Each structure stands twice: as C-alpha cells, then as structure tokens.
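# Notes for the structure review
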Amino acid sequence: VCVCVCVCVCVCVDWCVSHSSILAVSSSTSFYWSALIMVPHGFVPSECPPMGLETLKIDDFQLHASTMRRYGLGAHRGRLNIQAGLYDDDLYDGAWCAGRNDPLQWLEVDARRLTKFTGVITQGRSSLWSSDWVTSYKVLVSNDSHTWVTLKNGSQDLVSNVLFPVAAVARYIRVNPRSWFNRGSICMRVEILGCPIRNEITTTDNLDFKHHSYKEMRHLMKVVNEMCPNITRIYNIGKSHSGQKLYAIEISDNPGEHEPGEPEFRYTAGSHGNEVLGRELLLLLMQFMCQEYLSGSPRIRHLVHETRIHLLPSVNPDGYDKALEVGSELSGWSLGRWSQDGVDIHHNFPDLNSILWEAETKKWIPRKMLNHHVPIPEWYQSKNSTVAAETRALVSWMEKIPFVLGGNLQGGELVVTFPYDRTRSQGVSREQTPTPDDHVFRWLAFSYASTHRLMTDARRRVCHTEDFAKEDGTINGASWHTAAGSMNDFSYLHTNCFELSMYVGCDKFPHESELAEEWENNRESLLVFMEQVHRGIKGIVWDMQGRGIANATIQVEGIGHDIRTAADGDYWRLLNPGEYSITVRAEGYSASSKVCEVGYDIGATRCDFTVSRTNLSRIKEIMERYNKQPIRQPLRPPVRQLQARRPGPRHRRVRTS
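Here the structure is a predicted model, which means the values were calculated and not measured.

### Some remarks on the sheet that holds strand S19 (residues 413–418)
Read from one edge of the open sheet, eight strands run S14-S15-S17-S16-S18-S21-S19-S20, paired in mixed fashion. In this open sheet, the two edge strands, each paired with only one partner strand, are strand S14 (232–239) and strand S20 (474–476). Taking the axes of each pair of neighbouring strands and ignoring which way they run, one obtains an average angle of 25 degrees across the sheet. Pairing between S14 and strand S15 (residues 245–251): six bridges, direction antiparallel. Residue pairing for S15: Lys-239 is matched across the bridge by Lys-245. Against the sheet, helix H7 (residues 389–400) makes contact with S14, S15, strand S16 (264–269), strand S17 (308–312) and strand S18 (403–410), and its axis sits at roughly 130 degrees relative to S14, the strand it touches most.

Here you go:
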C-alpha cells in the first residue's frame, strides 16, 4: 500500500490518496471546519447511496463498538462529518474513539435488514486539541453478528478501499482499524454505502429528485417557465466572482410587475456553496408550485395570486461547483463553503448593528438617526472593500424590491434562527440579543420548525452537539453563536424585510437518493412560512388627491422599529394578533394615527391612511414655484400718508339745510 500524507494549515485533511489506496489522515480540526476529502484518481461514485449515518437515518441504536474511551466518544458519535463541541471532554465529541489501541477494535452498523454494501467512507476525529485518525482498516460483514467474513480484494484481505471490488449482501457491517497515527488513537467517523434489498417509496410528488449542475439548474428553470409561462419569469440579479449569472425565478399572477397591495416574498439558498440541500429544495418547490397551480390546487393558486414570490436557488454557484465536483459524501464539511475569492457570503454584509446600537447609546434616535433603514457606510461601498460580487448583487436586489419576508436555506443542522445574529455585549460569543420585533420573529421561526417533520421531534437525535428540539426547533442567532454582518441582521436594519435562516438538514450535501425524503421533511414548512407574509397589517398611505406617498414611515406604538411605504405608497407590517396603535408620518404631511386590529386567521388587516399637507409644506411649495422669491403684493401706503389723506376738521364739508 502506498501512503500519501497531506497537511493543510487550519484545515482537517481527512483523506489522502495514492491511486486506489485511501488513508484517513487528519491534522487538528477547527471547531467549525471539518474534513477536506480528496478524491482518488479515477474514482467512480457507488451505485448505492449512503445509508444515513450523517443524515441520522441510521439511529444511535444501530451503532455499536468494541469499546469506547468515554460516552462522548461512543459509537453514536462515529458519523461522517459530525462536529465536536468546543472542549474534548464534553458529551458531544467528534468521533468514535476506541477504549484501547489494538487491532481488535471495531465500529459496527446494523442495517436491520439485508443490504447490498458497496463501500465505506471514513474520517478522523473532529477536534481542536487532538490528532486522532486511522490509517488503515479492514471491513467485515455478517448476517447474525456472530459469524464474520472479511471482504477480499482478490486473494488478499481488503484494506482501506472506499468502494468494494464486489458488493457484499448482509445485515451487519464492521470497520476494523488496523493502524493509526502513531501519536494519536483509534478514532473514526464513518459513512456506509449500501442499498436495501427492497426500495422504499418516500413521496408521491412527480418531481426531478437529483442534484443539478449549473447548466442543469438553468435548464430546469426554463422547463418550469415553459410549463407555466403565465405565472413565472426567469431573471438574474447579477454575477458570481467567476461570471456565472445568479438566476432567480419569480412566481406570480403578474410576473415582472409589483402590484400595489401585494407583498413580495423571497427564498434564497446556497450562500454556502457546499450546503446544497436548500438549492435542491427550491428547485423542487418551483416545480411543485407550477404543477399544483396547473392542477387547480386552491392553496397554491391563492398563494400565487396574492403574493409575488422570488426563488434564488444558488447564491454561490462557484462554491457549489467545487462541492459537486467531488460528490455528496466526499466534499466534507467546508469544501465550497466560500465564494471563489474566499468570502463567506452570508456574513459579508455591513455591520449595521454596531451603528444602530452606538446611536442608541448616544441617544441620537430619533433626532439624528432613525431606528430603521440604517444607511450603508461609505467604506463598504468602495471598490477596495472586501465585499464579494455575490453580496453586492444581493444588496442591490434587496434594495430594489420591497420584500416583506424572506428565508435563506442553510445546511448542517435542524433549526431556524432569527435576528439578531450578533451579540450586543462586546467580547461575548453567545448572548440572547432580541430585536424590537422578537415576538414576531419567534412566531415566524416556529411556523417553519413546527411544520417540519423532524425539527421539533423531541425523540430525534441531535445533529451534532446542540439539542434544538428542546427549544421548539428555533433559536435566537446571537444566543447560538455571534456573527457580525449577517444577511438576516442587514435585511432587518436596512430594509423592511424580516429575514430568517432555516437549517434544513443535518447533512449539508445529502445523497441524491435522500432528496425525496428531505423534500417530504420540508415541503409543508416551505409553504407555511410563505403564507406568513400575509400576517399583520397592510394598506396604502394616500394624500388628499388619492396619490400614494412613498417613503412614509409606519410606526407601531411600543415597538422601536419602523418600516416605510413602497413607491406606490403601499406597505405591509408583520405583526402578531392583537390591537396596535399605528402612526403614519411623511415629510410635508401631518401625522395620522389609528388603532388597527390583527386577527388570528391568515390574512393581513387592511389599514389605510389619508394624510394632508402641513401649512409649512404648502408655503414651501409656493415659494419653490416662484423660485423661492417672496410673493409680491401691492404695497400699502405708509401710515403717515394714510393719516395725511384723512380729512381734518377744516376740510370737512358742512351740511346746510
């Protein structure tokens, strides 16, 4: 066996390849980074998909081991790409580690039925502090867990191959480490490739369940557009660093046109290029909505007629191409995450939180600064700033269209996060940091999580280290981990749009065979969350002549965050059920207030306003009409002249009889 050792600074290199020999090789692993898996020359993907150690289809009770160092390093932690906690002694460590270092150790998977096993993928331990990995292993199979057969490569025992020369049919499979890093221990993370003898049907929807390349994605969008030309439109918001267009598809009864009174909604996915499940979910969603609309579904027709929906499946196509090149199980945890020029797009927006909080501390609000539509700093807009081309395209798109609600689909967890994503206290990595609209955000997050098939299931196994099911599948972003310049915070502080992040699956890049089940897990959630754009109040702000007033401020008493009207004077304000005192203010107009009630049923309450010009604004308008010159009136004579003209006693006429 020819051994190749690869080491990269700050990256866990879990696979090194020399021809067909593959050895698990790892350096110290960053907490948020994981395996960079290098593909063997001439590697051909297995005909069988991953069985689901990474996606949790294989539950903890199906994993067994000869020994374990401690519970946090038990067999249940031996899952491909599982991430460790911050410290090495907690309950959520980053691998299965044997209790002894000898060739008698093994990690076992019980498929619970006859399965055609075709391959094994392994990684070393995910850890900041330890360097533990296996350098060679054997594979054994069994039908009764007592009698084991070692797989062969010809006449020799098979050692450390990803794909087996011949598929093995059995119920149980074991990985038996034979050698390991000489300054480390036996530790592994594993995925098994295998096909059940009988296939399972997971969905009845007739959709294209596969991973789509950039060209295939563009073609599929065109097919949907041709199927539903009256309700769809394809457009692009800009280009990636390498020049690939960022395509979006609009679904509406009047595509290409903003209709006053109709809210704008968006889903985006793939800002981290290796988190591809969201990309495929949006491609499935557009197919599903087109098919359901054509079949006459009342729910989908109502959504399409009453909402302008925008789907942007691939924010980072350059990163996706990198992940797709090596495939679903070999792309690891971080390959393709960043843009082509190395930028984390989701956290590449201007940090407006600091600007707002500083203004609040100095008590500048509302005299010197408003509590909404915080302006972008000049330094961020300069050509020399480290801003990805994709981020600039997103900012321009978000400013151009008056979005009301948005969701960005992420991967690697099962949770919905909501702003703020940055902690307010300096130097604190986790802290509850609510927005003024915290109650609304919590409802929006719960609307997705509660209708997902797994997010709120208390019986499900945690993806990595956090049990989000205890929190109803939702969490304030800053209380999870602080991150400045997130898309969610920027959207809330710079535009009217409430943005949340949906982490839609434990596996960032699930195998093609798992897409149907993931669609079933997320389908209802995707629809329910869209419907929330119709919760709260909506209306139009008119002047006395019936013209809509743009940029009027909509204030809700008791909530320190305002929104503005769109170009036609229409607005939408997301609110939970209750009574609210609403005040409208516009430059040059008198303020107007009224009480608006939000009910429990879906459907925003209509709350229109008609405002009149102030006397001062009328005077200014007249002065501008005359080039700001005083209006000339006929001069009245001086008081002395008037007095001189008055007839005195000697000038009075004497009436004679």
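### Re the side chain of Thr-474
Among the structural elements, Thr-474 can be located in strand S20. Apart from residues lying up to four places away in sequence, Thr-474 is in contact with Val-415, Val-416, Phe-418, Ala-445, Phe-446, Ala-449 and Phe-468.

### Focus on helix H3 (residues 298–306)
For H3, the complete set of buried residues consists of Ile-300, Leu-303 and Val-304. Projected down its long axis, H3 shows its buried positions confined to an angular sector of 95 degrees, all on one face. The elements touched by buried residues of H3 are S15, helix H2 (277–294), S17 and helix H11 (515–531).

### A few points about the sheet that holds strand S27 (residues 592–598)
Read from one edge to the other, the open sheet built from four strands follows the order S24-S23-S26-S27, with strand pairing classed as antiparallel. The open sheet has two free edges, formed respectively by strand S24 (559–564) and S27, since each of these has just one partner strand. Taken pair by pair, the neighbouring strands of this sheet meet at an average axis angle of 30 degrees, ignoring direction.

### Overview of unusual backbone geometry
The peptide bond linking Ile-365 to Pro-366 adopts the cis configuration, its omega dihedral lying at 5 degrees. Tracing the backbone through its elements, the reader meets Pro-366 in the loop between helix H5 (352–361) and helix H6 (378–381). The peptide bond linking Pro-419 to Tyr-420 adopts the cis configuration, its omega dihedral lying at -5 degrees. Relative to the assigned elements, Tyr-420 resides in the loop between S19 and helix H8 (438–449). The residue Asp-472 is not glycine, and still its phi comes out positive at about 60 degrees.

Calculation criteria
- Residues numbered from 1 in each chain as written.
- Predicted model: local features only at pLDDT ≥ 70, side-chain atom pairs only at ≥ 80, totals over all residues.
- Heavy atoms only, no water.
- Pairing = 2+ DSSP bridges.
- Helix = DSSP H or I, 4+ residues; strand = E, 2+ residues; numbered from the N terminus.
- Axes fitted to C-alpha atoms, helices over the stretch in contact; angles between N-to-C directions.
- Contact = heavy atoms within 4.5 Å.
- Buried < 20%, exposed > 50% of the residue type's maximum accessible area, 1.4 Å probe, protein only.
- Arc of directions from axis to C-beta.

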